[in-house]
Every structure is written in structure tokens, then in C-alpha cells.
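Working through the structure, step by step
Here is what each chain is made of, one letter per residue.
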Amino acid sequence: MSNRLDGKRIMITGAAQGIGFAMAEAFAREGAALLLIDRDGDLLAKVAEDLQAQGAKLCHAAADITNAASIEAAIIQARETVGDINALVNNAGVNIFAEPLKLSDEAWERCFDINLKGAWNCTRLVLKGMLAGGKGGVILNIASTHAFTVIPRTFPYPLAKHALLGMTKSLGLEYAAANIRVNALAPGYVATQKVIDYWNSFPNPEAAKAETMKLHPGGRIATPNEIAMAAVFMISDECSFMNATCLTVDGGLSVQQHPL
Ligand SMILES: NC(=O)c1ccc[n+]([C@@H]2O[C@H](COP(=O)([O-])OP(=O)(O)OC[C@H]3O[C@@H](n4cnc5c(N)ncnc54)[C@H](O)[C@@H]3O)[C@@H](O)[C@H]2O)c1
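Residues numbered from 1 in each chain as written. Predicted model: local features only at pLDDT ≥ 70, side-chain atom pairs only at ≥ 80, totals over all residues. Heavy atoms only, no water.

Thoughts on the nonpolar core
Short version of the rule: The set of buried Ala, Val, Leu, Ile, Met, Phe, Trp, Tyr and Cys residues whose side-chain atoms join them within 4.5 Å is what this entry labels a nonpolar core. Exposed residues in this analysis have more than 50% of their type's maximum accessible area, buried residues have under 20%, and partly exposed residues fall in between, with area computed by a 1.4 Å probe over protein chains only. Helix and strand labels come from DSSP, where a helix needs a run of H or I of at least four residues and a strand needs a run of E of at least two; each type is numbered from the N terminus. In this description, contact between two residues means that some pair of their heavy atoms is separated by no more than 4.5 Å.
Residues M11, L35, I37, I71, I75, V126 and I139 are the most contacted members of the largest nonpolar core, which totals 41 residues. Counting residues per element, the ones that place at least two in this core are strand 2 (33-38), strand 3 (57-62), helix 3 (68-81), helix 4 (105-133), helix 5 (157-174) and strand 6 (180-187). Looking at this core, the element that brings in the most residues is helix 4, giving 11 residues. Residues within four places of I71 in sequence aside, it is in contact with M11, I37, A63, D64, I65, C122 and L125. Grouped together as the second largest cluster of nonpolar side chains are 37 residues, A22, L34, A230 and C239 included.

What follows is the structure in C-alpha cells.
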């Protein structure tokens, strides 16, 4: 345990696995108290128990970020054990990829409900508490390199991530005077189940994986912990003047015109 996040009471959405879980582990190591949210309640309960056994101070709730009432109930319940939330990580997100003209209205709505409106549902709720508390706060949106570049055949996911970056900039300006910092973190490829599922959507998953590795200047993709450690910095007071902006953590993927 270290203390870079002492005094932070952080809500993380999508915390049961992947980047969200890696952040939960890293934030707990740095002394934060946590409210973990995931719609997969069984998996969340299991990982929360493991973290508590390692000394983490946390509570957890099975809730869907598209259901604002269930998120509000979780925040109210967390007051007893964790206290008022002063940092939020909007991490829960889903890949929804389709050929544009074959995309159903239902899939379009699901993409924006989870990847954009879900983040707004959580943000709106914690902002009220941060403003009432008068001591500022931090909001970190897990965007993607899809927030400013696009991989073909991933429509409409990049649209939602572009909008999430727009929300970051807009809210960062709105609440700067209240000492509330709103930033985005843009991972490239990260070794999580979501990426394995993406590779498995190709006829030859192993070849798709090798292609992905080749795209990266360093020949590999990120581990979830490498994203989590950037998030530790962005939530911490070490990062006190970063606001309304985006930190890219992609091993150089998005600045390279093309691999040689
Ligand atoms: N893995 C990558 O390569 C990568 C790259 C760039 C950005 N991202 C972004 O990082 C975030 C996390 O990605 P990941 O790869 O760790 O995903 P993941 O699929 O491994 O985990 C996501 C978690 O979010 C939960 N979740 C999904 N929808 C939810 C909802 N509506 N309400 C509550 N919980 C919900 C899932 O149950 C799951 O536990 C996402 O926003 C994703 O877009 C991931």
C-alpha cells in the first residue's frame, strides 16, 4: 500500500474485470476507498471479496449505468461505508460494431445509452454531491483512441467515444471554477476480454491478434495495469492542473502513419 490516493473516495463503473478491475486494484493499493459498480453482480461480488481480503476499503453494487436510479441508490448506500464520492471513473463501455447500413436502431441506442448516456448518468449524480461538498472533485472518462481516430468497420462505437471526449471538454470548462477536474484517458488496444472477443470475431483469430501486435511500434498491446497506473496519476493531486483534456496511452499507435 502507498498513499497517492489517500482521501479519495472513488466510484468506478465496469469494475468487475478488465481495465475497471485493474483500476480498482491500483487505487486500493494507493489508499483510496472505493465504490465498485458493475452490471455483472456475481463477478463483481467475487472480485470485491478478493480485494477486501487484501485490505481494500470498498463497497460494491450490482447496477447498470443506463439505470440512473440504481446508480443513485448505490451512491447513497456507499455513504455509510465509503463516504461521499469525490472521484468518478466512467469506465463501463461496450463494443458495438456494425456495417452502418445494417445497424439496427436498437443497437444504435444501446451503443449511445451505455458508452455516452451511462457516463452522463453517473457524472450528473456525483457532480451534485461534489458541488454541494464544496471541495472539488475529479471525473475521469475512459475514452479510447476511437475518440479521435477510427478503425474501419467499428461503427458506431467511435461516434460515442468522440462524444465522450466532447463531454469531457465541455464539463471540464463548466466546473473548473468549482475545482472539479474532468479529463479523459484514451487507451489503444488493452489485453482484456473485450479485445479477445474482437479477435474472435475474425475468421482467423490468431492472425487477427498477430496483425494487432504488428500495428504497435513496440510490437505489443497494453496490460490493464498500464492503463490503471496512468489513471492513478490522473485521479491524484499530482495531476492538479490537468483539466478538460485527454491523455493517450497507446504505446505510440495513434501517431504512427503506418507500420513499416
Ligand atoms: N480493452 C481495450 O482495448 C480498450 C481500448 C480502448 C478503450 N477501452 C475502454 O475501456 C473501458 C473498459 O474496457 P475493458 O476492455 O476493460 O472492458 P471489459 O469488457 O473487459 O469490462 C467491462 C466491464 O463493464 C461492465 N459493463 C458493461 N456495460 C455495463 C453497464 N451498462 N453497466 C454497468 N457495467 C457495465 C461489464 O460487465 C464488464 O465487467 C471501456 O469503456 C472501453 O471502451 C478499452
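Still to come is the rest of the account.
Concerning the sheet that holds strand 6
To keep things clear, this is the line we draw: When DSSP finds at least two bridges between two strands, those strands are taken to pair. Geometry is summarised by axes, namely lines fitted to C-alpha atoms with helices restricted to the contacting stretch, and by angles between N-to-C directions that run from 0 to 180 degrees.
In spatial order, the strands read 3-2-1-4-5-6-7; together these 7 strands make up an open sheet with parallel pairing. Of all the strands in the sheet, the pair left with one neighbour each is strand 3 and strand 7 (246-249). Going across the sheet, the axis of each strand differs from the next one's by a mean of 15°, ignoring polarity. Alignment of strand 6 against strand 7, held across 4 bridges, turns out to be parallel.

Focus on the site of the ligand
To keep it simple, the criterion reads: The rule for a residue being near a molecule or strand is that one of its heavy atoms must lie within 4 Å of it. Here a polar contact means two N or O atoms within 3.5 Å. Within protein one must be a hydrogen donor candidate and the other an acceptor candidate, and residues neighboring in sequence count only if both atoms are side-chain atoms. Methods summary: accessible areas were calculated by the Shrake-Rupley approach with a probe of 1.4 Å, and residue burial reflects only the protein chains presented.
Around the ligand, the surrounding shell holds 27 residues, and the nearest of these are D38, N91, Y157, V190 and T192. Q17 is positioned with one of its side-chain polar atoms (N or O) 3.1 Å from an oxygen atom of the ligand. In this structure, an oxygen atom belonging to the ligand sits 2.7 Å away from a main-chain N or O atom of N91. If the ligand stood free it would expose 830 Å²; the protein chains cover 94% of that surface. Contributing elements (two or more residues each) for the shell around the ligand: helix 1 (18-29), helix 5 and helix 6 (193-200).

Focus on the domain arrangement of the protein chain
Which entries qualify depends on this criterion: The domain boundaries here were taken from an automatic or database domain assignment. In this description, buried area is defined as the sum, over both parts, of the accessible area (probe of 1.4 Å) that is lost when the two are combined.
Segmenting the protein chain into domains produces domain 1 (9-187 + 223-247) and domain 2 (190-221). Computed over C-alpha atoms only, the centres of domain 1 and domain 2 are separated by 24 Å. Counting residues at the interface gives 13 residues for domain 1 and 8 residues for domain 2. Both faces considered, domain 1 and domain 2 share a buried interface measuring about 720 Å² in area, 59% of it formed by carbon and sulfur atoms.

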